[in-house]
Amino acid sequence: MSIRIPVVSREGKPLMPTTPARARKLITGKVARGSFNKLGIFYLQMLVTVGQSTQPLKMAIDTGSKYEGYVVGSNKEVCLKGMSKLPTRVSQKMNDRRSLRRSRRQKLWRRKCRFNNRRKKNYWIAPSQKTKAEMREKIVKELANIYPIMQNGTEDIAFNHFKYRHGKYFSTAEIGKTRFYKVLEAIAPTIKFKGWQTANLRKQYGIPKSTKKDEISPESHANDAVAMLCGMFGNLVEHKNVPFYYWQRPEFARRPLHRQHHQKGHLRPKFGGTKNGGHFRKGDYVEAEKAGKTYRGWVCGLPTQKTNKIGVMDGFGKRIGQFTPRKVRLLCRNTGIMWRT
């Protein structure tokens, strides 16, 4: 099966994907130009007016508490498989921020505790769950911008918490699903599958499944979305040798308003933050050179008073090394998501 390149019109409307050979001809003939979206997916944008007719493409999402799977395809073949790792450690960061804020205020003045009379919004979500919902919605919207999605399919996660007491991960995935369904309905009509329906479809069409939830492979979560895609079309869809993407949000140390220990001279050192006045910012996708080798990754460290190097990490958040600024070239500004293929 050949790889399919997404195509959008001159106005930005998604069209049918094309083959790499035809994409090269369109770029060579200056009829289209290539670009990357915020998920690291290469697509073509037409420079001339073309037809708007498309065939039905559908998108399936296997939601979860820590990892999720995404699939886009037609009734014959899958165009793309994806897997995302949802943000973590948000609640711990907020607890640290609260303790630092309280210690800072106690040193300035003494006041009584404020009565908890502040009203919350109608559909309030905890920050730890809001970050997961926002990343899920961002991935879906970016896919819908380059693929002509006609129908969505997702797994409707439900758990009997009154009868069973071991479903804390199910409750994490249940939070924010109503908000997510509204986003899907705004893109295209949505079909909801139960967990047992997805398992039956996977067995019916012989789609492999891995028991390791944190395994970065299509068998861990993306194949569940493939099973739902087959259920929507009613036949087995070719899903082997398909481009597989892994998405993860970069984690940075923010610029703190207060440090745990007293700073000499009452001057806070340059710790945390996403920029320091230079050309590069944390999260930028760059190309760096060192010892005759070329690396591509995301900026995770900026020059400071101690060192003038720029730290670069890979798509999993692991540091590749430190590089001289003049040997680092900017490829893309921070999009809030790192990717691996």
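Definitions and cut-offs
Residues numbered from 1 in each chain as written. Predicted model: local features only at pLDDT ≥ 70, side-chain atom pairs only at ≥ 80, totals over all residues. Heavy atoms only, no water. Buried < 20%, exposed > 50% of the residue type's maximum accessible area, 1.4 Å probe, protein only. Helix = DSSP H or I, 4+ residues; strand = E, 2+ residues; numbered from the N terminus. Arc of directions from axis to C-beta. Contact = heavy atoms within 4.5 Å. Axes fitted to C-alpha atoms, helices over the stretch in contact; angles between N-to-C directions. Parallel < 35°, antiparallel > 145°, perpendicular 65-115°, else oblique. Nonpolar A, V, L, I, M, F, W, Y, C, P; charged D, E, K, R; others polar. Pairing = 2+ DSSP bridges. pLDDT = per-residue confidence, 0-100. Polar contact = N/O pair within 3.5 Å; in protein donor to acceptor, adjacent residues only side chain to side chain.

Colleague: Give a detailed account of helix α6 (residues 195-204), specifying residues and quantitative values.
Modeller: Every buried residue of α6 is listed here: Thr198, Ala199, Leu201 and Arg202. The buried residues of α6 all sit within an arc of 165° when viewed along its axis, so they share a single face. Exposed and facing more than 90 degrees away from the buried side of α6 are Trp196, Lys203 and Gln204. Residues of α6 that are buried sit in contact with β8 (149-155), β9 (190-193) and α7 (222-233). Just downstream of α6, Gly206 is the residue with a positive phi angle, here 65°.

Colleague: An account of the packing of α6 against α7 is needed here, citing residue identities and associated values.
Modeller: Interaxial distance between α6 and α7 falls to 8 Å at its minimum, and their mutual angle equals 85°. Between α6 and α7, the angle falls in the class roughly perpendicular. Counting all contacts with α6, which are made through Thr198, Leu201 and Arg202, the residues of α7 involved are Asp224, Ala227, Met228 and Gly231. Among the residues forming the contact of α6 with α7, the class breakdown is 3 nonpolar, 2 polar and 2 charged.

Colleague: Summarise the pairing of strand β1 (residues 5-8); cite the residues concerned and give the values.
Modeller: Of the two faces of β1, the one lined by Ile5 and Val7 and the one lined by Pro6 and Val8 are each fully buried. Relative to strand β2 (residues 14-18), β1 runs antiparallel, the two being bridged by 3 bridges. Counterpart to Val8 in the pairing with β2 is Pro14. Here β1 runs beside strand β4 (residues 42-46); their pairing, made up of 2 bridges, is parallel. The residue bridging Val7 from the neighbouring strand is Leu44, located in β4.

Colleague: For the confidence of the model for the chain, give the residues involved together with the corresponding values.
Modeller: For the chain, mean pLDDT is 87; residues scoring 70 or higher make up 94% of the total. Ranking the elements of the chain by mean pLDDT puts helix α4 (residues 168-174) last, at 76, and strand β10 (residues 244-248) first, at 95.

Colleague: Which residues make up the side chain of Gln151, and what values do they have?
Modeller: Along the chain, the position of Gln151 falls in strand β8. A relative accessible area of 19% places Gln151 in the buried class. Within polar-contact distance, the side chain of Gln151 engages the side chain of Lys58 at 2.8 Å.

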